[in-house]
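# Structural characterization, general
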Amino acid sequence: DFTPPEGAVAGDVLILTKPLGTQPAVNAHQWLYTKGGRMFDQVEDVITPEEAEEAYQKAVKSMVRLNVTAAALMKKHDAHAATDVTGFGILGHAENLAKHQRETVAFEIHTLPIIRKMKEVNSKFNFKLTDGYSAETSGGLLVALPAANAQHFLADIERMDGCPAWIRRC
C-alpha cells in the first residue's frame, strides 16, 4: 500500500522514525582512521574517539534498519501523508511535503532527535544539520497522522523495531 504525500490535515502530528545526524557521525568515524588524523584533530575539542565510535554505531543501527515497519504502521494508524528524510534533510523534505498538501496546514518542527555529539561536530564542519538540510543516509520517515493515533504508533514501532520514534506537531 502507498500513503500519498498530500493528505495531512490540521490537528495531525508529525512523527519522525529515525534520528538525524548520520552524515556527521559517519564522517567523524572515518576521520578517526584517516592517516595522520588531521580531520579528527579539528573536532577533538568537541568529541572524544569513544563518542565518535558510539555515534557511528548509532548511525549504523539507524541506517541498516529498514522503513518497512514504519510503512506498515502508517496504514494501521491511518497516516494521512508521509515522506522519507534523505538527501534534502528534514527541512527540505518537510517543506516539500507541506507544499503538496490538499488542505492548508502548517508544519511546526522545533526540536529534533539528533545523534549525540553530532550538533557539536556540525559546529566545526557545517553539514547543515542544525539548518535542517543535512543529508541522511537511509533516513527515516516523516509521517503525518491523527494525534489520537500517535502514541500507539510510537509504542508499536518501538516494540517491533526496538527503536524509538518522535512526535512533532503539525
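Check the entry above for the structure.
Residues numbered from 1 in each chain as written. Predicted model: local features only at pLDDT ≥ 70, side-chain atom pairs only at ≥ 80, totals over all residues. Heavy atoms only, no water.

## Here's the deal with the overall build of the chain
In terms of helices and strands, the chain carries 7 helices and 4 strands. Along the chain, from the amino end to the carboxyl end, the secondary structure elements read β-α-α-α-α-β-α-α-β-α-β. On C-alpha atoms alone, the chain measures out to a radius of gyration of 17 Å, which is about the 15 Å that the 2.2 N^0.38 rule sets for 170 residues. In terms of overall dimensions, the chain has C-alpha extents of about 55 × 30 × 20 Å along its principal axes. Looking at the chain as a whole, 47% of its 170 residues are labelled buried. Expressed as a percentage of contacts within the chain between residues at least 6 apart in sequence, the contacts between residues at least 24 apart total 83%. Accessible area for the chain stands at about 8,800 Å²; split by element, carbon and sulfur atoms hold 53% of it. (Helix = DSSP H or I, 4+ residues; strand = E, 2+ residues; numbered from the N terminus. Rg over C-alpha atoms; globule rule 2.2 N^0.38 Å. Buried < 20%, exposed > 50% of the residue type's maximum accessible area, 1.4 Å probe, protein only. Contact = heavy atoms within 4.5 Å. Areas by Shrake-Rupley, 256 points an atom, 1.4 Å probe, with all protein chains shown as cover.)

## A few points about the pattern of salt bridges
Side chains that carry opposite charge are capable of pairing whenever their charged atoms lie near each other. Under the criterion given, the structure shown has 7 salt bridges. Between Glu-6 and Arg-102 there is a salt bridge, with its nearest N and O atoms 3.2 Å apart. Taken together, the residues span a long stretch of sequence, with Glu-6 in the segment before strand S1 (12-16) and Arg-102 in the loop between helix H5 (89-99) and helix H6 (118-124) at a distance of 96 residues. Between Arg-159 and Asp-156 there is a salt bridge, with the nearest N and O atoms lying 3.1 Å from each other. One end of the pair is Arg-159 and the other is Asp-156, both in helix H7 (residues 147-161) and 3 residues apart, which spans about a single turn. (Salt bridge = Lys/Arg side-chain N within 4 Å of Asp/Glu carboxyl O.)

## Description of the packing of helix H1 (residues 22-32) against helix H3 (residues 49-64)
The relative placement of two packed helices comes down to the angle between their axes together with the axis-to-axis distance. It is the contact of H1 with H3, at a shortest axis distance of 8 Å, that shows an interaxial angle of 135°. Considering the angle they form, H1 stands oblique to H3. Handedness of the H1/H3 crossing: left-handed. Residues Thr-22, Ala-25, Val-26, Ala-28, His-29 and Leu-32 of H1 touch H3, and the partners they reach there are Pro-49, Ala-52, Glu-53, Ala-55, Tyr-56, Ala-59 and Met-63. Broken down by class, the residue content of the contact of H1 with H3 amounts to 10 nonpolar, 2 polar and 1 charged. (Axes fitted to C-alpha atoms, helices over the stretch in contact; angles between N-to-C directions. Parallel < 35°, antiparallel > 145°, perpendicular 65-115°, else oblique. Left-handed = near helix turned anticlockwise from the far one by under 90°. Nonpolar A, V, L, I, M, F, W, Y, C, P; charged D, E, K, R; others polar.)

Keep in mind that these numbers describe shape and distance, not what the molecule does.
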